[in-house]
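Here is what each chain is made of, one letter per residue.
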Amino acid sequence: MKIRPITLCVIDDIKSVVRGIEGLINEDIHGVRVVGSAGNGEEGLELVTELRPDIVLTDIRMPRMDGLEMTRAIMSALPTCKVILLSGYTDFEYAQQAIRLGAFDFLAKPFLKEAVEDVVRKARDQVLADRSEHARQAEMERQIKESMPLLRQEYLQLLLRYTASESMLQERWDYLRMDLEPQRLTLLCVEMDGMEKEMDGISIHEVELARFAVKNILEETLSMHTKAVVFREHLYGFVCLMNTPKDAASLAEACREHVRNYSRYTVSIGVSSEALTIRELPIAYQQASEARSYNFYTGGNSVVRYEEIAPRPDQPRRHSAEQEKELFNLLRMGHEEKALPLLQTILACYAGAAPGHFVQVCSELGLLMYRLFAEKLTAASSMDGLSARLKTLQLEQPLKQQELIEALTGLLEEGCRLLQAQKEEEANSVIAQAIQFMKENLDKNVTVNDLAKHVYLSASYFANLFKKVTGTTLIHYMTGLRIDKAKEMLLGDKQVQEVATALGYEDRSYFTDVFKKHTGMTPSEFKGAYRP
């Protein structure tokens, strides 16, 4: 890049002064090139206007136009020009007046060669400093111009989230040259359906192409009907800020339809109420965002206006404490078949509720279920599956309504199944202990109370549990154990009376009747049939 030389003009009605200064200032030495001279004020002003030098050395007192008047004219036309006034007068009033007019310096005649060189060098250094500052400012302006889209994006992001004075917002709006009117605005919050899941399987380049395509479709669709700006809200969402068209909902539907037809994606769109001024945009943004969240119910590819979902006081939004208490009582017992319909009844209380509220209720219910199952289940490994289901409920990636219900019911079903399995295992263990006790006491008249006491249960509960696990009554099971033991003893060459006594039967004939009833033969017949 060619560096523009620093130029100087000399204006004085004394030719010897002009020649002296022209001969004194050497471009190679001082870095300043003398480009012209004049002998009076009028010629000097014409010269300066034509050549536009960086530095002017001029006498104060000259014919036709004095130096002070010429300084005033030069500073008006060339504000950055460094005017150095020369005068034979030592009156500082001239110097003060010259400085007030914008002169760079004042040099009194007669002046020494060194004084002229010093003041020219000083002016040259200031010119260089001015050029550097100007270049810096120009670079800043260039960067600001290049950054204008980003600055607009940042401003709009702040505009939607924070309130400020109308004048401050308007000043920034004007500075950024927003290409729409700052009154009567409507917001569309747009989200690309399913992108939070799809992004795991595609590259960043593909993501950016998808976002660009959708943004371009939105911009083209809106521009056909109104002034609008589309900017990114988050990784797969956009905000469309537009001057309110005749039918904002219909335009939003057109955007949805065009994205579906001209890309491989669908979008969910929330439409705000109208904001009369830019100061009302935070409220409009909240409305559009809330309306868009209702794709939770629709599953996507939908347009929802805020007016359609604005809360109504007649809508119930809380299940009863009695319902919740009953649900958790059923869960403690592992009664899935009764708990599941009750959970569905509770969730039905929130039909049409704000998605965020529905998500919160499901999350709270899921956490309470998880804690209940954690208290009841004794095996730590049993909690692994439940922990995974709870994590699904609490994922940062939003679930749709049906997905959320499925996750919650899955947690309930698996928890109840684990509780039932644990109960069965505990029951089997208790009955196994009771059976072992019975086997060790076949010669005694063991009662239900004896066995219940042995396993630390009530007699009635133990009797029911025993029948549920074994499928028979305690007396019948005990008799079976005795008959099996009797068979073993008879085959071991024990006498019938000896066997009856060992098994607690005082009356041999009664023992024989019982044995025959269970085996179809008397003890003696059994012994004869199975012994060689």
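Residues numbered from 1 in each chain as written. Predicted model: local features only at pLDDT ≥ 70, side-chain atom pairs only at ≥ 80, totals over all residues. Heavy atoms only, no water.

Peer 1: What is the right way to read the overall build of the protein chain from this model?
Peer 2: Counting its secondary structure elements, the protein chain contains 24 helices and eleven strands. Referenced to the eigenvectors of the C-alpha coordinate spread, the extents of the protein chain come out at roughly 160 × 55 × 40 Å. Classification of the 532 residues of the protein chain by burial places 42% in the buried group. If you take every contact in the protein chain between residues at least 6 apart in sequence, the share linking residues at least 24 apart comes to 68%. (Helix = DSSP H or I, 4+ residues; strand = E, 2+ residues; numbered from the N terminus. Buried < 20%, exposed > 50% of the residue type's maximum accessible area, 1.4 Å probe, protein only. Contact = heavy atoms within 4.5 Å.)

Peer 1: How should the packing of helix α17 (residues 383-393) against helix α18 (residues 401-440) be read in this particular structure?
Peer 2: Any two packed helices are characterised by the angle at which their axes cross and by the distance between the axes. Put simply, α17 and α18 touch, their axes get as near as 9 Å, and they point 165° apart. In this view, α17 runs roughly antiparallel relative to α18, as classed from their interaxial angle. The handedness of the crossing between α17 and α18 comes out as left-handed. In this structure, α17 contributes Gly385, Leu386, Arg389, Thr392 and Leu393 to the contact, and α18 contributes Leu404, Ala407, Leu408, Gly410, Leu411, Glu414, Gly415 and Leu418. Of the residues contributing to the contact of α17 with α18, the split by class is seven nonpolar, four polar and two charged. (Axes fitted to C-alpha atoms, helices over the stretch in contact; angles between N-to-C directions. Parallel < 35°, antiparallel > 145°, perpendicular 65-115°, else oblique. Left-handed = near helix turned anticlockwise from the far one by under 90°. Nonpolar A, V, L, I, M, F, W, Y, C, P; charged D, E, K, R; others polar.)

Peer 1: Any chance you could explain the environment of Asp125 here in plain terms?
Peer 2: On the secondary structure map, Asp125 appears in helix α6 (residues 113-161). Residue classification places Asp125 among the partly exposed positions, given a relative accessible area of 41%.

Peer 1: Quick question: what am I supposed to make of the pattern of salt bridges here?
Peer 2: Side-chain pairs of opposite charge can arise where the charged atoms are in close proximity. By the definition in use, this model includes 24 salt bridges. Arg305 serves as the salt-bridge partner of Glu308, at 3.7 Å between the closest nitrogen and oxygen. According to the relative accessible area criterion, Arg305 is partly exposed, its value standing at 31%. Here Glu414 makes a salt bridge to Arg417, at a shortest N to O gap of 3.8 Å. (Salt bridge = Lys/Arg side-chain N within 4 Å of Asp/Glu carboxyl O.)

Peer 1: Sorry, what's going on with the nonpolar core here?
Peer 2: Here is a general trend for soluble globular proteins: nonpolar side chains tend to be buried in one another's company. Grouped together as the largest cluster of nonpolar side chains are 36 residues, with contacts concentrated most on Leu327, Leu331, Met369 and Leu412. The set of elements that each furnish at least two residues to this core consists of α14 (321-332), α15 (336-348), α16 (355-376), α17 and α18. Every residue in contact with Leu331, bar those within four places of it in the chain, is listed here: Ala339, Met369, Leu372, Phe373, Leu412, Cys416 and Leu419. Among the nonpolar cores identified, the runner-up in size contains 30 residues, and Ala434, Leu481, Phe515 and Phe526 belong to it. (Core = buried A, V, L, I, M, F, W, Y, C linked by side-chain atoms within 4.5 Å.)

Peer 1: For this particular structure, what's the right way to read the packing of aromatic side chains?
Peer 2: The geometry of an aromatic ring pair is captured by the separation of the ring centres together with the interplanar angle, meaning the angle of the planes. A full pass over the atoms with the stated rule returns six aromatic pairs. Note on Phe466 and Tyr477: the rings are 5.4 Å apart at their centroids and 85° apart in plane angle, and the pair reads as edge-to-face. Here Phe466 is found in helix α20 (residues 459-470), whereas its partner Tyr477 is found in helix α21 (residues 474-491), with eleven residues between them in sequence. The partly exposed category is assigned to Tyr477, whose relative accessible area is 25%. Judged by centre distance (5.6 Å) and plane angle (70°), the rings of Phe515 and Phe526 are edge-to-face. One end of the pair, Phe515, is in helix α23 (residues 508-519); the other, Phe526, is in helix α24 (residues 523-530), and eleven residues separate them in sequence. As far as burial versus exposure is concerned, Phe515 and Phe526 are alike and both buried. Every member of this aromatic cluster is reached through a ring pair, and the members are Tyr505, Tyr510, Phe511, Phe515 and Phe526. Positioned above the aromatic ring of Tyr505, the side-chain terminus of Arg482 is 5.6 Å from the ring centre. (Phe/Tyr/Trp six-rings, centres within 6.5 Å; stacked < 30°, edge-to-face > 60°. Lys NZ or Arg CZ within 6 Å of the ring centre and 35° of its normal.)

Peer 1: Whenever I open this one, α24 confuses me. Can you help?
Peer 2: Quick reminder: α-helices carry 3.6 residues per turn. Residues three or four places apart thus point the same way. Within the span of α24, buried status applies to Pro523, Phe526 and Lys527. Summarising the axial view, the buried residues of α24 lie within an arc of 95°, below the 170-degree limit, and thus occupy one face. Turned more than 90 degrees from where α24 packs its buried face, Gly528 and Ala529 sit exposed. Residues of α24 that are buried in the fold lie against α21, α22 (496-502) and α23. (Arc of directions from axis to C-beta.)

Peer 1: Hey, could you run me through α14 in this one?
Peer 2: Between its terminal C-alpha atoms α14 stretches 17 Å, which fits the 16 Å expected from twelve residues at 1.5 Å a residue. All of the buried residues in α14 are Gln323, Leu327, Phe328, Leu330 and Leu331. All buried residues of α14 fall inside an arc of 155° around its axis, so they share one side. Away from its buried face by more than 90 degrees, α14 exposes Ala321, Glu322 and Lys325. (Expected span 1.5 Å × (residues − 1).)

Peer 1: What is the right way to read the environment of Tyr162 from this model?
Peer 2: On the secondary structure map, Tyr162 appears in the loop between α6 and α7 (166-175). What makes Tyr162 exposed here is its relative accessible area of 54%. Placed 121 residues apart in sequence, Tyr162 and Ile283 show a C-alpha to C-alpha distance of 9.7 Å.

Peer 1: What's the story with a positive patch on the surface in this structure? I'm lost.
Peer 2: A cluster of basic side chains, namely Arg332, Lys376, Lys423 and Lys468, defines a positive patch on the protein surface. By the secondary structure assignment, Lys423 is in helix α18. (Patch = residues over 30% accessible without salt bridge, like charges linked within 9 Å, V, L, I, M, F, W, Y side chains within 5 Å. Areas by Shrake-Rupley, 256 points an atom, 1.4 Å probe, with all protein chains shown as cover. Lys, Arg positive; Asp, Glu negative; His and termini not counted. Charge placed at Lys NZ, Arg CZ, Asp CG, Glu CD.)

Peer 1: What should I look at first to understand unusual backbone geometry in this one?
Peer 2: In most cases, non-glycine residues show a negative phi, while peptide bonds are predominantly trans. The backbone of Arg184 sits at a positive phi, close to 50°, despite the residue not being glycine. For Arg184, the position within the fold is in strand β6 (residues 183-192). At Tyr456, a residue that is not glycine, the phi angle is positive and equals roughly 65°. Note that Tyr456 resides in the loop between α19 (448-454) and α20.

Peer 1: Please explain the pairing of strand β8 (residues 237-243) as it appears in this structure.
Peer 2: Side-chain positions along a regular strand alternate between the two faces of the sheet. β8 sits mainly inside the fold: seven of its seven residues count as buried. Residues Gly237, Val239, Leu241 and Asn243 point to one face of β8 and Phe238, Cys240 and Met242 to the other, with burial holding for every one of them. Of the pairings in the sheet, the one linking β6 to β8 comprises seven bridges and is antiparallel in character. Residue pairing across strands places Leu185 opposite Asn243, the latter belonging to β8. Linkage of strand β7 (residues 228-234) to β8, two consecutive antiparallel strands, is achieved through a turn of two residues. (Pairing = 2+ DSSP bridges.)

Peer 1: Looking at this structure, how should I read the sheet that holds strand β1 (residues 6-11)?
Peer 2: Sheet strands line up and pair through hydrogen bonds in the backbone, either parallel or antiparallel. Reading across the sheet, the five strands line up as β2-β1-β3-β4-β5 and stay open at both edges, with parallel pairing between neighbours. Since the sheet does not close on itself, it has two edges, and those belong to β2 (32-38) and β5 (105-108), each with one partner. Averaged over all pairs of adjacent strands, the angle between strand axes in this sheet comes to 20°, irrespective of strand direction. Looking at chain direction, strand β3 (residues 55-59) and strand β4 (residues 82-87) are connected through five bridges and run parallel.

Peer 1: Would you mind going over the environment of Glu488 with me for this structure?
Peer 2: Position of Glu488 among the secondary structure elements: in helix α21. Here Glu488 falls in the exposed class, since its relative accessible area comes to 52%. In this structure, the C-alpha to C-alpha distance between Glu488 and Leu68, residues 420 residues apart in sequence, is 139 Å.

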